[in-house]
Amino acid sequence: MNSKYFVLGGDIKKSLTEGYRFDLKKLLLDALKITRKHFFPLLTACLFIMLVSFALLSVFLDQATSLDDPKTMILFFIFALIVVPPLMTGMLMMGVHHSVGLKTKSFHLFNYFNIIFKLSLAAMIINLMTNGASMFLGQVFGSVGFVLSVIVLLYLKMSFCLVYPLIAEKKVSPVMALKLSFKLVHKNIAQFTQLLIIFCVLFMIGILTSGIGLLFVIPFSINVMGIVYRQVCGVSISVTEATEGSNDNNKNDDDNHHSGPKNGGFEA
């Protein structure tokens, strides 16, 4: 078995030093083509997350359960900080794989529970930032603070949108991933803001269609972010070529192609 290692797409170090630009029209059209080709795996993954979220939400909002109840708060934080990060990472990495032409399966959603500590730590830091900002703005600006806190929340979510795939694909630490994501996004903050506005409009349309539209909007958005990650950071690919006598024509591309670098090693 011979293995070859190379990077598809952009160069994270070059993106940090020289910056980068998107062709937004081409980006969205490419994501649309990828979504059509790889729709079913992301759809089933999306349905699973939605069903789990609705089931837990029904528990949180049960008439017999108070939102101030410690048990309810513990369940909520367990879900938000332990369950959600690896599932979201799984979906984002499916988009990353699609962006380089690799096939995925629905169960790939669960591939990143093995790095749950790193992902949960990153999620906790982001949540502390957003909650701290919301409390501060609410106390200082009153009712206006709610609007400002929503803007800050969207800004922070945008700034750290690359954190999970950086941890999963580049194998960097949570703190390093936060630094890298913040710096990379701010190298082209204008176009990331445009993408954020497009996503917000699409999600509003999805919600207005009784949630049915989200079944397309979410997979499409995931694939957009997969392409963005490929163009900004590059995707490390290890291709294993079978030698004579060990070929297996029935294997999927995922069996012979693996994304992820051999090691990290970035400075921010």
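Everything that follows concerns the structure shown earlier in this document.
Attention here is on the structure that accompanies the text. (Residues numbered from 1 in each chain as written. Predicted model: local features only at pLDDT ≥ 70, side-chain atom pairs only at ≥ 80, totals over all residues. Heavy atoms only, no water.)

Some details on the overall build of the protein chain
Scanning the protein chain for helices and strands turns up 11 helices and three strands. With 268 residues in all, the protein chain has 41% of them scored as buried. Once local pairs closer than 6 in sequence are excluded, the contacts in the protein chain between residues at least 24 apart make up 77%. When the accessible surface of the protein chain is split by element, carbon and sulfur atoms take 66% of a total near 14,700 Å². (Helix = DSSP H or I, 4+ residues; strand = E, 2+ residues; numbered from the N terminus. Buried < 20%, exposed > 50% of the residue type's maximum accessible area, 1.4 Å probe, protein only. Contact = heavy atoms within 4.5 Å. Areas by Shrake-Rupley, 256 points an atom, 1.4 Å probe, with all protein chains shown as cover.)

As for the packing of helix α6 (residues 143–159) against helix α8 (residues 174–186)
Running from amino to carboxyl end, α6 crosses α8 at an angle of 105 degrees, the nearest separation of the two axes being 8 Å. Judged on the interaxial angle alone, α8 and α6 are roughly perpendicular. Where α6 approaches α8, its residues Tyr155, Met158 and Ser159 are matched on the opposing element by Ser181, Phe182, Val185 and His186. Of the residues contributing to the contact of α6 with α8, the split by class is four nonpolar, three polar and no charged. (Axes fitted to C-alpha atoms, helices over the stretch in contact; angles between N-to-C directions. Parallel < 35°, antiparallel > 145°, perpendicular 65-115°, else oblique. Nonpolar A, V, L, I, M, F, W, Y, C, P; charged D, E, K, R; others polar.)

So, α6
Compared with an ideal rise of 1.5 Å per residue, which puts 17 residues at 24 Å, α6 spans 25 Å between its outermost C-alpha atoms and is within 8% of the ideal. Among the residues of α6, Gly145, Ser149, Leu156, Met158 and Ser159 are the ones counted as buried. (Expected span 1.5 Å × (residues − 1).)

Details of the pattern of salt bridges
Here the structure, examined in full by the defined rule, presents two salt bridges. Where Asp30 meets Lys26, a salt bridge forms, and the shortest distance between an N and an O atom there is 2.7 Å. With Asp30 and Lys26 both in helix α2 (residues 24–37) and four residues apart, this pair spans about one turn of that helix. Note that Lys170 is salt-bridged to Glu169, the shortest N-O span being 3.1 Å. For the residue pair Lys170 and Glu169, the accessibility class agrees, reading buried in each case. (Salt bridge = Lys/Arg side-chain N within 4 Å of Asp/Glu carboxyl O.)

Overview of the side chain of Thr89
Take Thr89: it is sitting in helix α4 (residues 70–99). Dropping the residues within four chain positions of it, Thr89 is found in contact with Tyr112, Leu119, Tyr164 and Ala168.

Examining α2
With 14 residues, α2 extends 20 Å between its outermost C-alpha atoms, agreeing within 8% with the 20 Å of an ideal straight helix rising 1.5 Å per residue. Leu24, Leu27, Asp30, Ala31, Ile34 and Thr35 are the residues of α2 that are buried. Taken down its axis, α2 places every buried residue within 140 degrees of arc, on the same side. In this structure, α2 carries Lys25, Lys33, Arg36 and Lys37 as exposed residues pointing more than 90 degrees from its buried face. (Arc of directions from axis to C-beta.)

Examining the nonpolar core
By size, the foremost hydrophobic cluster in this structure holds 62 residues, and its most contacted members are Met91, Leu166 and Val228. It is helix α10 (residues 214–233) that provides the largest number of residues to this core, a total of 11 residues. In this structure, Met91 is in contact with Leu42, Ala45, Cys46, Ile49, Leu109, Ile218 and Ile222, ignoring residues within four places of it in sequence. (Core = buried A, V, L, I, M, F, W, Y, C linked by side-chain atoms within 4.5 Å.)

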